[in-house]
Amino acid sequence: MLDTAKTRWHPVAASYDLPFRHIFHAQLLGREFAVWRADDGYVNIWENRCLHRGVRLSIGINDGRELKCQYHGWRYSNRTAGCTYIPAHPADAPARTITNRTFASVERYGLVWTAEEPQGDVPEVTRLAEGDLLTLRGIPVNAPADVVVAALTGYRFQPNGCLEGRAADMSLKASDGFSVALTAREEGAETLAVFFVQPVDSNRSVIRGVLDSWPRGVLDSWPRGAERLTVLHHHNERLSKLREIVEREAQAAPQPAPLEPVIERVSPELAELPEMTAHGRKATIRVTVARKWMAADGIAAFELRPIKGLLPTFQPGAHIDVHMPNGLIRQYSITNGPGESDSYVIGVKLERESKGGSRCMHETLREGDVLAISEPRNNFPLRRDAEKTIFVAGGIGATPLIAMAQALKNQSLDFAFHYFAQNQAQLAFPEKTALLGEALKPQLGLDPEGTAAKLKDILSGYRPGMHVYLCGPGPMLEAARRIAAEVGWPETAVHFEYFKNTNTIDDSSSFEVALARSCVTFKVPAGRTILDVMREVGIDMPSSCEQGACGTCLATVIEGEPDHQDVYLNDAERKSGTKIMTCVSRAKSARLVLDL
């Protein structure tokens, strides 16, 4: 019987086992699960182990949006089970491959169901209306599931409304390998009881019973309070006696070998690289525009939902490439807070000098349209080990910082969110920023001189352990970085992201590039980029903005002098000469050797 059990749906918990902010330890066919309900109501069923050291996640912390392992603090996102933060590597975004195994979950009849390899639907019981059901306490039994089912066919109980009786007329309505349906009748009262047997292991089971609605033929309404407790006590007592009999019989029989669950490797979808597009930028996910609205004056918001499956896990600061109907590709930051993983929400500002990207998003895209997007990339990761974090946002530059601030708010970490805009109407996503409470500090209507003065006020008083995150228009970022250096902020504590590279690119030079690990050497002529020629010779280099702003195509320099023309690297990184953005930067020397 157990050979077909993997494809069947089984209950592994009762709905009452999943109060908010709790984690339930469930078991099925020798496998352990961490089962928890997120604040949005979604029921997660995961392999019960942290991917770091295998510690049980059922002893972790459910904060309503993420699940935190108690051992080294790894955090996993609602729905996707993707790792969102590794404390030992606070400056890095976890790889997408760090994703726990998830299992299907369905909540029905007051029970939570799952299966390793589900086929079909949860069993349909026509007389169990979803409204007025009473779920009995789970009864663990040290016996195989088939032995427990056989014993349940002879189970006797009194119908609701006639619990003091002694001679209920019992009727077996249905029975299969893992469930039994019985009806008890006496003096006009009738109750249907359906028992599902959860095969915990080869020699362990749990009886999970559900009673149907109000007593038939009785005028009193469905029992509440003390009456409900009386019904529960009645079945608990009788099922416990049944358990004693079954366990004695099972103990006398030969003991079956325990089931050994298979711990799967990372799925091929996560382990393999998708096919490259002609321009090298991958758009492997199809989404539909579930909602479009104005998030602020001149800023349109889009909620993107997957056409099938779940969206990949993202971390605060991540962005996606959006492949538009007109053929253009643009990058937009994800604004979601922790655990909001059923869709991506992005904001798009309508640029006055739009080359077709923002105009297409604002004027052409409609709710219901389908888009191709890339997986999230994070070259602007949030550290969560700071003594205090300061966010400085300008206009649409608030989008990645809103995601970061929500993450810190969820963990009760100290931060301040300074939002620069011309007026209140230009503050994007007010429904999200309102949740930041007193940490939100709008800075409205300031001219360049006033902005600089306010930045100096905000950035004064640096203490070791503080970090600042900057995102906004280029002139504002340049001013903020200059002021931060003047008042004593180390470059390692100043993090920034530009919208675009406004530098004039000089691509008149030609030089040679050697890729050390690939054993490939090629010439980069004038008018071509290192990235272009690498792809031409068959090297798959990831990229996103391709204008030196996002950091996706970063490479390590082993030998030679780079000619930096990006806005991603800070001054110390430029001076070190050990990094180069292959989409725009070139060589001052005749030859570059890259660690690729």
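Residues numbered from 1 in each chain as written. Predicted model: local features only at pLDDT ≥ 70, side-chain atom pairs only at ≥ 80, totals over all residues. Heavy atoms only, no water.

Caption draft 1: Structural view of the overall build of the protein chain. The helix and strand tally for the protein chain stands at 10 helices and 35 strands. Per-residue burial over the protein chain gives 52% buried out of 596 residues. A sequence separation of at least 24 residues applies to 64% of the contacts in the protein chain between residues at least 6 apart. Within the structure as shown, the protein chain displays about 26,700 Å² of accessible surface, and the carbon and sulfur contribution to it stands at 50%. In the protein chain, the 67 positive side-chain charges and the 73 negative ones have mean positions that sit 1 Å from each other. (Helix = DSSP H or I, 4+ residues; strand = E, 2+ residues; numbered from the N terminus. Buried < 20%, exposed > 50% of the residue type's maximum accessible area, 1.4 Å probe, protein only. Contact = heavy atoms within 4.5 Å. Areas by Shrake-Rupley, 256 points an atom, 1.4 Å probe, with all protein chains shown as cover. Lys, Arg positive; Asp, Glu negative; His and termini not counted. Charge placed at Lys NZ, Arg CZ, Asp CG, Glu CD.)

Caption draft 2: The packing of aromatic side chains, seen in detail. Counted according to the given criterion, the structure contains 17 aromatic pairs. Look at Tyr-155 and Phe-195: their rings are 5.3 Å apart centre to centre, the planes differ by 90 degrees, and that puts the pair in the edge-to-face class. Of this pair, Tyr-155 sits in the loop between α1 (145-152) and β14 (169-176) while Phe-195 sits in strand β16 (residues 189-201), and the two are 40 residues apart along the sequence. Assessed through its relative accessible area of 0%, Phe-195 is described here as buried. (Phe/Tyr/Trp six-rings, centres within 6.5 Å; stacked < 30°, edge-to-face > 60°.)

Caption draft 3: Fine view of the nonpolar core. Among the nonpolar cores identified, the biggest contains 43 residues, and Val-35, Ile-45, Val-148, Leu-152, Tyr-155, Phe-195 and Leu-239 are the most heavily contacted of them. Once residues within four sequence positions are removed from consideration, Val-148 is found in contact with Val-141, Ala-143, Val-197, Ser-205, Ile-207 and Val-246. Membership of the second largest hydrophobic core comes to 29 residues, among which are Ala-393, Ala-405, Ala-428 and Phe-429. (Core = buried A, V, L, I, M, F, W, Y, C linked by side-chain atoms within 4.5 Å.)

Caption draft 4: Spatial organisation of the sheet that holds strand β11 (residues 111-114). Read across the sheet, 3 strands follow the order β1-β11-β10 without closing on themselves; strand pairing throughout is antiparallel. Strands with a single pairing partner mark the edges of an open sheet, and in this sheet they are β1 (10-14) and β10 (106-108). Across the sheet, the mean angle separating the axes of adjacent strands is 35 degrees when strand polarity is ignored. (Pairing = 2+ DSSP bridges. Axes fitted to C-alpha atoms, helices over the stretch in contact; angles between N-to-C directions.)

Caption draft 5: The sheet that holds strand β19 (residues 299-306), seen in detail. Taken in spatial order, the 6 strands line up as β21-β20-β23-β18-β19-β22 in an open sheet, and their pairing is antiparallel. Looking at the sheet topology across the chains shown, the edges are occupied by β21 (329-333) and β22 (344-349). Looking at each pair of strands side by side, their axes are set apart by 45 degrees on average, direction ignored. In this structure, β19 lies alongside β22, joined through 6 bridges in antiparallel fashion. Bridge pairing links Ala-300 to Val-348 in β22. Those strands touched by helix α4 (residues 357-364) are β18 (285-296), β19, β20 (319-323), β21 and β22, and its axis lies near 115 degrees from that of β22.

Caption draft 6: Summary view of the packing of α1 against helix α2 (residues 226-252). At a minimum axis separation of 11 Å, α1 and α2 run at an interaxial angle of 130 degrees. Between α1 and α2, the crossing angle belongs to the class labelled oblique. The element α1 and its partner α2 pack so that their crossing is right-handed. Of the residues in α2, those in contact with Val-147, Val-148, Ala-151 and Leu-152 of α1 are Leu-239, Leu-242 and Val-246. Among the residues making up the contact of α1 with α2, the classes are represented as 7 nonpolar, no polar and no charged. (Parallel < 35°, antiparallel > 145°, perpendicular 65-115°, else oblique. Left-handed = near helix turned anticlockwise from the far one by under 90°. Nonpolar A, V, L, I, M, F, W, Y, C, P; charged D, E, K, R; others polar.)

Caption draft 7: Structural context of unusual backbone geometry. Residues other than glycine seldom take positive phi values, yet Arg-79 does so here, at roughly 75 degrees. By the element assignment, Arg-79 lies in the loop between β7 (75-77) and β8 (83-85). Judged by its relative accessible area of 15%, Arg-79 falls in the buried class. The residue Glu-187 is not glycine, and still its phi comes out positive at about 50 degrees. Along the chain, the position of Glu-187 falls in the loop between β15 (179-186) and β16.

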